Protein chains: 2
Amino acid sequence: MKDFPGTPGTLTGLMLRVGQFTFAAASIAFVATGVRFQEFTAFCYLIASMGLQVLWSLWLACLDAYAMLAPRDLRNPRLVSLFVVGDWVTATLSLAAACSSAGILVLYDRDLGNCKESVCQRYQFAIAMAFMSWVLIDISSLIMFWLLAAG
Amino acid sequence: MKDFPGTPGTLTGLMLRVGQFTFAAASIAFVATGVRFQEFTAFCYLIASMGLQVLWSLWLACLDAYAMLAPRDLRNPRLVSLFVVGDWVTATLSLAAACSSAGILVLYDRDLGNCKESVCQRYQFAIAMAFMSWVLIDISSLIMFWLLAAG
């Protein structure tokens, strides 16, 4: 298998995973400390989805760090297939959660115009963090898919 | 470049494009005939996104049909790169639009509980069609990406 930035077991791969973990954790922190978030299904789904993202990215960051220290080669087709499926599922769920929450926010902030600035700003940050996390997991997902297809 | 189901210029490729076009057009029809859809940014965005999907899929369906009748080979790296970018952008926008609309629907139907059955059902159909269209464009997108990476 070829070697380029972002492949598992490299420093750039580890940095991508740490970035995904950090943004997802920040998103959870912003939503979970918000007012009455549990009354909105979309915000609960955002927490669940970002929770999955945190667990997945943390596990892969540990695996990358171990592969760099041991050292081990993680670029075998079976392992990369697992990364492809996991990254694709996590990326899709993250985008879906970020977009459904953004839909609610735009409804209250723009369409209905009854959103307190302090409350809305908290959710804006949470959604922005979720989108940042999605951008990074999507990059990882494309790299893994390219790695598997190129062989 | 390799040849497998769904590649441009084949019958399966054409069927995928026709499917994307049909579901996207059905989604627009269900939303655009709905009550007060223009008051909701998410539903307007769904129409715009599905409109883009209709145009993109129709253009590619015509290209596939031409390539089959002429016959021409569409599997050159430059053209496939264009398909990869176009499919990826369209797929992402479609999923984002479907999810933000689904967020609004769940809010009114489940969280607030004030959604008339006839109105809600129309939007449910529209969102279901948008998701079906996204599934098909995502399959096309993955096939194009694989085709480009495998070379």
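Keep in mind the model is a prediction, meaning the values are calculated, not measured. Residue numbers restart at each chain and count upward from 1, following the sequence in its written direction. Chain labels run from A onward and ligand labels from 1 onward, assigned in the order the entries are written. Reporting of local features is limited, given that this is a predicted model, to residues whose pLDDT is at least 70; pairs of side-chain atoms are given and counted only at 80 or more, and all residues count toward the totals for whole chains, interfaces and linings. Remark: hydrogens and water are excluded; side-chain values derive from all non-hydrogen atoms of the structure.

So, helix α4 (residues 117-150) of chain A
Then, in step 1: Between the first and last C-alpha of α4 of chain A there are 49 Å, a value that for 34 residues agrees with the 50 Å anticipated at 1.5 Å per step.
Then, in step 2: Counting from the N terminus, the helices are the DSSP runs of H or I reaching at least four residues and the strands are the DSSP runs of E reaching at least two. A positive phi of about 70° marks G151 of chain A, the residue just after α4 of chain A. In a helix, the anticipated span is given by 1.5 Å times the number of residues less one.

Focus on the relation of the copies chain A and chain B
Then, in step 1: Each copy is superposed on the other by least squares, with the fit set by C-alpha atoms of residues at a pLDDT of at least 70 in both. For the pair chain A and chain B, the best superposition has an RMSD of 0.0 Å and corresponds to a rotation of 180° with a translation of 0.0 Å parallel to the axis. Classification of the inter-copy transformation places it as that of a two-fold axis. When C-alpha positions in chain A are compared against the rotation axis, the closest is assigned to S100 of chain A, at 2.0 Å.
Then, in step 2: Here 100% of the contact residues of chain A are again contact residues in chain B; the copies associate through an equivalent surface. The criterion used for residue contact is that any of the two residues' heavy atoms lie within 4.5 Å.

A short note on the UniProt feature "domain: Casparian strip membrane protein" (unreviewed entry) in chain A
Then, in step 1: UniProt positions are given in the numbering used here, feature names are shortened, and annotations may be inferred rather than shown by experiment. In the numbering used here, UniProt assigns the "domain: Casparian strip membrane protein" (unreviewed entry) feature to residues 7-136 of chain A.
Then, in step 2: End-to-end, the C-alpha atoms of residues 7-136 of chain A are 13 Å apart, and along that stretch the chain is 82% helix and 0% strand.

Here's the deal with a nonpolar patch on the surface
Then, in step 1: Excluding any residue in a salt bridge, patches collect residues exceeding 30% relative accessible area, merging like charges within 9 Å and nonpolar Val, Leu, Ile, Met, Phe, Trp and Tyr side chains within 5 Å. Note that accessible areas follow from Shrake-Rupley with a 1.4 Å probe, and for residues the cover is restricted to the protein chains shown. Salt bridge, as used here: a side-chain nitrogen of Lys or Arg that lies within 4 Å of a carboxyl oxygen of Asp or Glu. Together, Y45, L52, V85, W88, V89 and L93 of chain A together with L142 of chain B make up a nonpolar patch on the protein surface, roughly 530 Å² of accessible area in all.
Then, in step 2: The set of elements that each furnish at least two residues to the nonpolar patch consists of α2 (41-69) and α3 (77-111) of chain A.
Then, in step 3: Broken down by element, the residue count for the nonpolar patch peaks at four residues, all from α3 of chain A.

Digging into the pattern of salt bridges
All names here are of chain A.
Then, in step 1: One pass over the structure, following the stated rule, counts six salt bridges over all chains.
Then, in step 2: The closest approach of N and O atoms between R17 and D87, which form a salt bridge, is 2.9 Å. One end of the pair, R17, is in helix α1 (residues 11-32); the other, D87, is in helix α3, with 70 residues separating them in the sequence. One exposure class covers both R17 and D87, and it is buried. Only protein chains enter the accessibility calculation, which uses a 1.4 Å probe; a residue is then buried when its area is under 20% of its type maximum, exposed when over 50%, and partly exposed in between.

Here we look at the interface of chain A and chain B
Interfaces are often sized by the accessible area lost when the parts come together.
Then, in step 1: Taken together, the 25 residues of chain A in the interface contact 25 residues of chain B.
Then, in step 2: Of the roughly 2200 Å² buried between chain A and chain B, counting both surfaces, carbon and sulfur atoms make up 76%.
Then, in step 3: A quick way to say it: buried area is the sum, across both parts, of accessible area lost when two parts are put together, with a 1.4 Å probe. Of all residues in chain A, the largest losses of buried area upon contact with chain B belong to T41, F145 and W146 of chain A, amounting jointly to 24% of the total for that side.
Then, in step 4: Taken together, the links from chain A to chain B amount to zero salt bridges.
Then, in step 5: Here a polar contact means two N or O atoms within 3.5 Å. Within protein one must be a hydrogen donor candidate and the other an acceptor candidate, and residues neighboring in sequence count only if both atoms are side-chain atoms. Between chain A and chain B we count four residue pairs in polar contact (both at pLDDT 80 or more) in total.
Then, in step 6: Elements supplying a minimum of two residues to the side of chain A that touches chain B: α3 and α4 of chain A.
Then, in step 7: Here the element with the most residues in the side of chain A that touches chain B is α3 of chain A; it accounts for 13 residues.
Then, in step 8: Note on residue classes: Ala, Val, Leu, Ile, Met, Phe, Trp, Tyr, Cys and Pro are nonpolar, Asp, Glu, Lys and Arg are charged, and everything else, Gly too, is polar. The class makeup of the residues in the side of chain A that touches chain B is 17 nonpolar, four polar and four charged.

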